[in-house]
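The residues making up each chain are set out below.
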Amino acid sequence: MKKILSLICVILASCVIVNAAESGIGFAPASQLKPLFKKNVDPNLPKDSTDWQKYWKLTGVVGLNVTQTSFTNWAAGGTNNANGVLFANLNLAFQKGNHSWESHLQTEIGMMFSSGARSYVDKQGNPAETKWRKSSDKIDFSTKYGFEFKKTWFVTVMAGFKSQFARGNDYAKFDKEEVPEPVYVSNWLSPSYTDISVGIDWKPKNFLSLYLSPVAGRITTCTVPNLAMRQSYGIGVGDTLGKCYKADFGLTFKAQVNYTYKNLNIMSTLVLFTPYAGKNAQQPFGNFDVDWDFSISYQFLKVLNVSLMTSLKYYDLVKVTDAKGNVGPRVQFKEVLGVGIGYSF
């Protein structure tokens, strides 16, 4: 848990650095930056055709990162391989008067090919190929509506959904020949997390949002029974035995940064959730689930994009086996660094 607190301090420090950039440290003075709404309008357009530009703004980055390595008579050895990741990180914002609505989508899907990957025979006796493997898979969507009751303060309703597109396997033990086939660990809606909450959203800057809700609900699903029992997710055990979902009521906090300067785009989202439950519950109050997504991208030569995307997770009820064979909740971390075709806007 100490690692999680340290990483949270890192993201808070990042917010301070970006805030300093807005004040003119290392970037153009704030007076030179375009406002988020209303004034960011093309003056050459007719008045009746610019209403949408006054209230809406779409920002983000989409791209495709590809790497490939091939060996022929290579004395040092190696395996022919290729990897591709298609990703999108989009933010759509609307503001008019006291009304504010913002939606955010972060998604990616990636495949990896390795000519030296091990093959196996499935339970039906059919040969199964593992040369093509899923390398990345993510769906993270959130939307919120707020009413400004005081300058920079909003009463807000928020909803979110997290899952993945397709079946996921763990190949670690399979590649070591410790098990006869890859370990099935995830699929569409297995797991998924759906959140809805009501709280207060503070927006001191156009690029920064801090949201706190003491009235937050979360539905966790796992539609594959075997995964519910084996991976836990808090489903398939205790009071949820035999069910494919679990509902919790608790407290949530969300910090979000969406900063764009010329060709540089920075997005960071930290979400904390803890259920209202007693000390003897599976997940007592104060044991936070943590989701922290960070991405930074830079576009150059119009079509080329370099990006770094990281995801950190800590779920109190998700059991992970470490290298020593110990089973329990663990800090999960993923990093994707790539150069490819991309477009930032």
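Residues numbered from 1 in each chain as written. Predicted model: local features only at pLDDT ≥ 70, side-chain atom pairs only at ≥ 80, totals over all residues. Heavy atoms only, no water.

1. Regarding the overall build of the protein chain
Then, in step 1: Looking only at helices and strands, the protein chain has four helices and 18 strands in total.
Then, in step 2: Going through the 345 residues of the protein chain one by one, you find that 42% of them count as buried.
Then, in step 3: Of the contacts made within the protein chain by residues no fewer than 6 positions apart, 58% connect residues no fewer than 24 positions apart.
Then, in step 4: Per element, the accessible surface of the protein chain, about 19200 Å² overall, is 62% carbon and sulfur. (Helix = DSSP H or I, 4+ residues; strand = E, 2+ residues; numbered from the N terminus. Buried < 20%, exposed > 50% of the residue type's maximum accessible area, 1.4 Å probe, protein only. Contact = heavy atoms within 4.5 Å. Areas by Shrake-Rupley, 256 points an atom, 1.4 Å probe, with all protein chains shown as cover.)

2. Regarding the confidence of the model for the protein chain
Then, in step 1: The share of residues in the protein chain with pLDDT of 70 or more is 82%, and the mean pLDDT across the chain is 82.
Then, in step 2: The lowest-confidence element of the protein chain is helix 1 (residues 2-22), averaging 43 in pLDDT; the highest-confidence one is strand 7 (residues 153-163), averaging 97.
Then, in step 3: Long-range and interchain partners of residues 1-42, a stretch whose pLDDT sits below 50, account for 58 contacts in this model, where long-range means more than four residues apart. (pLDDT = per-residue confidence, 0-100.)

3. Quick word on the pattern of salt bridges
Then, in step 1: This model, assessed by the stated rule, comprises nine salt bridges.
Then, in step 2: A salt bridge links Arg133 to Asp175, with the shortest nitrogen-to-oxygen separation between them at 2.9 Å. A residue pair is termed long-range when its members are at least 10 positions apart, and Arg133 in strand 6 (residues 132-150) and Asp175 in helix 3 (residues 172-175) qualify at 42 residues.
Then, in step 3: The exposure class of Arg133 is buried, given its relative accessible area of 9%.
Then, in step 4: Since its relative accessible area comes to 41%, Asp175 is described here as partly exposed.
Then, in step 5: In this structure, Asp289 engages Arg218 in a salt bridge whose closest nitrogen and oxygen atoms are separated by 3.3 Å. Of this pair, Asp289 sits in strand 14 (residues 289-300) while Arg218 sits in strand 11 (residues 208-221), and the two are 71 residues apart along the sequence.
Then, in step 6: One connected set of salt bridges, linked through shared partners, spans Asp195, Arg218 and Asp289. (Salt bridge = Lys/Arg side-chain N within 4 Å of Asp/Glu carboxyl O.)

4. Points about unusual backbone geometry
Then, in step 1: The amide bond that connects Ser190 to the next residue, Pro191, takes the cis arrangement and shows omega of 5°.
Then, in step 2: Its identity is not glycine, yet Lys262 carries a phi of approximately 55°, on the positive side.
Then, in step 3: With respect to the helices and strands, Lys262 occurs in the loop between strand 12 (245-261) and strand 13 (264-275).
Then, in step 4: Lys262 gets classed as exposed once you look at its relative accessible area, which sits at 69%.

5. Things to note about the nonpolar core
Then, in step 1: Counting 15 residues, the largest nonpolar core has Phe207, Val257, Tyr259, Ile266, Leu270, Val290 and Trp292 as its most contacted members.
Then, in step 2: Elements with a contribution of two residues or more to this core: strand 12, strand 13, strand 14 and strand 15 (304-314).
Then, in step 3: Grouped together as the second largest cluster of nonpolar side chains are ten residues, Val224, Leu227, Ala228 and Val318 included. (Core = buried A, V, L, I, M, F, W, Y, C linked by side-chain atoms within 4.5 Å.)

6. Things to note about the sheet that holds strand 2 (residues 81-96)
Then, in step 1: Taken together, twelve strands build a closed barrel; the order of strands is 1-2-3-6-7-10-11-12-13-14-15-18 and the barrel is antiparallel. Taken over all neighbouring pairs, the strand axes of this sheet differ in orientation by 20° on average, direction set aside. (Pairing = 2+ DSSP bridges. Axes fitted to C-alpha atoms, helices over the stretch in contact; angles between N-to-C directions.)

7. Looking at empty space enclosed by the protein
Then, in step 1: Applying the stated criterion to the full structure yields six cavities of 30 Å³ or more.
Then, in step 2: In terms of lining, the largest cavity is formed by 22 residues, of which the most central are Met158, Lys162, Asp195, Lys254 and Val271.
Then, in step 3: Elements with a contribution of two residues or more to the lining of the largest cavity: strand 3 (99-114), strand 6, strand 7, strand 10 (192-205), strand 11, strand 12 and strand 13.
Then, in step 4: With five residues, strand 7 is the single largest residue contributor to the lining of the largest cavity.
Then, in step 5: Computed from the structure, the second largest cavity encloses a volume of approximately 90 Å³.
Then, in step 6: As for the second largest cavity, its lining consists of Tyr193, Arg218, Thr220, Tyr233, Lys246, Asp248, Gln283, Asp289, Tyr315, Asp316, Leu317 and Val318.
Then, in step 7: Considered class by class, the residues forming the lining of the second largest cavity number five nonpolar, two polar and five charged. (1 Å grid on protein atoms, 1.4 Å probe; cavity = no way out; pocket = protein on both sides within 12 Å on 5 of 7 lines; lining within 4 Å. Points joined across faces, edges and corners; volume = space filled by probe spheres on them. Nonpolar A, V, L, I, M, F, W, Y, C, P; charged D, E, K, R; others polar.)

8. A word on the packing of aromatic side chains
Geometrically, a pair of aromatic rings is defined through the distance of the ring centres and the angle of the planes.
Then, in step 1: Under the counting rule described, the total for this entry stands at 13 aromatic pairs.
Then, in step 2: Every member of this aromatic cluster is reached through a ring pair, and the members are Tyr55, Trp56, Phe94 and Trp101.
Then, in step 3: The residue whose ring lies beneath Arg133 is Tyr171, and the NZ or CZ to ring-centre distance is 4.0 Å. (Phe/Tyr/Trp six-rings, centres within 6.5 Å; stacked < 30°, edge-to-face > 60°. Lys NZ or Arg CZ within 6 Å of the ring centre and 35° of its normal.)

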